[in-house]
Amino acid sequence: MSLRPSELRDVARALEPELAGAVVQKVRAPWPERLELELRQPGRTVRMLVSVESGLGRLSVIDARTVSQDTAPSPWLLRARKELTGRRLSAIRATGPGQVRLSFEKGGSGRSIVA
């Protein structure tokens, strides 16, 4: 079941102080509507799931990587990897009902994902 807008807002508020400053090490898309970010902080690695699947939309921290389909990376995933790997997570904000923005910084340049 998808997170309700109030739940998504609460998750974003809870995750931001815990993960702000973490560096993106890996970007995966085990399914077309899922994005997994492996974030590194001193002493720990955290995996974040962003899902826009119908009826399963959510933002969460996960323990293990999702088993993926054995397909070649899509052009979108290749671009996401290029743009996000090595960037620091600077903000997680609920920006509308059922919408979240993840912001990343590196060398004064910013990128965002809106899901």
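No experiment lies behind these values; they were computed from the predicted model shown.

Looking at this structure, how should I read the overall build of the chain?
For the chain, the helix and strand inventory stands at two helices and seven strands. Each helix and strand of the chain, ordered N terminal to C terminal, gives the series α-β-β-β-β-α-β-β-β. What you see for the chain is a C-alpha radius of gyration of 13 Å, in line with the 13 Å of a compact globule of 115 residues. Here the C-alpha coordinates of the chain stretch approximately 35 × 30 × 25 Å along the principal axes. For the chain, buried positions account for 37% of its 115 residues. At a minimum sequence separation of 6, the contacts of the chain that also span at least 24 residues come to 46%. Working note: accessible area of the chain is about 6800 Å², and carbon and sulfur atoms make up 51% of it.

I keep staring at the nonpolar core and nothing clicks. Help me out?
Considering soluble globular proteins, one finds that nonpolar side chains tend to be buried as a cluster. Met48, Leu59, Ile92 and Leu102 are the most contacted members of the largest nonpolar core, which totals 24 residues. When contributions to this core are tallied by element, the ones reaching two or more residues are α1 (5-19), β1 (23-28), β2 (34-41), β3 (44-51), α2 (75-84), β5 (88-96) and β6 (99-106). By residue number, the principal contributor to this core is α1, which donates four residues. Those residues in contact with leucine 102 that sit more than four places away from it in its chain are Leu37, Met48, Val50, Leu59, Leu89, Ala91, Ile92, Arg111, Ser112 and Ile113.

Where do I start with the pairing of strand β7 (residues 109-114) in this structure?
Where a strand is regular, its side chains alternate between the two sheet faces. Bridge count between β6 and β7: six bridges; the pairing is antiparallel. Along β7, the bridge assignment pairs lysine 106 with serine 109. Between β6 and β7, which pair antiparallel one after the other, the connecting turn spans two residues, and glycine 107 there sits at a positive phi close to 55 degrees.

About the criteria used
Residues numbered from 1 in each chain as written. Predicted model: local features only at pLDDT ≥ 70, side-chain atom pairs only at ≥ 80, totals over all residues. Heavy atoms only, no water. Helix = DSSP H or I, 4+ residues; strand = E, 2+ residues; numbered from the N terminus. Rg over C-alpha atoms; globule rule 2.2 N^0.38 Å. Buried < 20%, exposed > 50% of the residue type's maximum accessible area, 1.4 Å probe, protein only. Contact = heavy atoms within 4.5 Å. Areas by Shrake-Rupley, 256 points an atom, 1.4 Å probe, with all protein chains shown as cover. Core = buried A, V, L, I, M, F, W, Y, C linked by side-chain atoms within 4.5 Å. Pairing = 2+ DSSP bridges.

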